[in-house]
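The lines below spell out each chain.
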Amino acid sequence: MSQTTSTAKVTTWLKHLKSGNLKSKTVRVLKHIQDHPNTNLNTMRKFFDTADKHKITHQTLTSAISNLMDEGIVRFVGNVELEGNSYSSYCFVADENDRYWVKKQRRAECFIR
């Protein structure tokens with residue numbers, strides 16, 4: 001796969017993860033998903049509202065997740081029921097070949113809508 005703008009984004013995000021440079025909100029969200037496999041939106045909202053010293057709003061959180069999913073580095077793994085509500089769960093996609101297919105599937109899903 002040739003390097004495109006989107007793969008450059010992923011390369012940068014991964015470089016920041018590896019170096020511990022977590023200044024970007026997107027990278028902080030990615031780090032949380034990487035560290036907590038199958039984490040869900042409710043858990044992340046609570047974490048970024050209380051535990052993270054730089055709070056991330058719900059809108060920014062969902063936007064970051066959407067961008068990460070568009071690039072194939074995060075994938076939806078299902079829903080979890082908590083407190084009578086359904087929340088999406090996500091996992092980190094470590095393998096570059098898997099990211100390619102996740103990204104391709106995400107594009108197809110967005111096209112269908």
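Now for a description of the structure that goes with this document.

Reading guide: rules and limits
- Starting from 1, residues in each chain are numbered consecutively following that chain's sequence as written.
- Reporting in this predicted model follows two pLDDT cut-offs: at least 70 for local features of residues, and 80 or more for side-chain atom pairs to be given and counted; totals over whole chains, interfaces and linings ignore these cut-offs and use all residues.
- For side-chain calculations, the full set of non-hydrogen atoms in the structure is used, while hydrogens and water are omitted.
- The criterion is simple. A nonpolar core is a set of buried Ala, Val, Leu, Ile, Met, Phe, Trp, Tyr and Cys residues joined through side-chain atoms within 4.5 Å.
- When a residue's accessible area, from a 1.4 Å probe over protein chains only, is under 20% of the maximum for its type it is buried; when over 50% it is exposed; and in between it is partly exposed.
- The way it works is that DSSP assigns letters per residue, a run of H or I at least four long becomes a helix, a run of E at least two long becomes a strand, and they are numbered from the N terminus.
- Here a residue-residue contact requires only that any non-hydrogen atoms of the pair lie within 4.5 Å.
- DSSP-based pairing: two strands are paired if at least 2 bridges between them are found.
- Here an angle of 0 to 180 degrees is reported between the N-to-C directions of two axes, which are lines fitted to C-alpha atoms, with helices fitted over the stretch in contact.

**Section: the nonpolar core**
In step 1: Within the largest apolar cluster, 20 residues are counted, with the highest numbers of intra-cluster contacts made by Val-29 and Ile-65.
In step 2: The set of elements that each furnish at least two residues to this core consists of α1 (5-19), α2 (25-35), α3 (41-51), α4 (58-70) and β3 (85-92).
In step 3: Here this core gets five residues from one element, more than from any other, and that element is α4.
In step 4: Setting aside residues up to four positions removed in sequence, Val-29 forms contacts with Met-44, Phe-48, Ile-56, Leu-61, Ala-64, Ile-65 and Leu-68.

**A look at the sheet that holds β3**
In step 1: In spatial order, the strands read β1-β3-β2; together these three strands make up an open sheet with antiparallel pairing. Taken across any chain shown, the strands that pair with only one partner, and hence form the sheet edges, are β1 (39-40) and β2 (74-82).
In step 2: The pairing of β1 with β3 spans two bridges and is classified as antiparallel. Its bridge partner lying in β3, Asn-40 is registered against Ser-89.
In step 3: The strands touched by α2 are β1, β2 and β3; relative to β3, the strand with the most contacts, the crossing angle is about 90 degrees.

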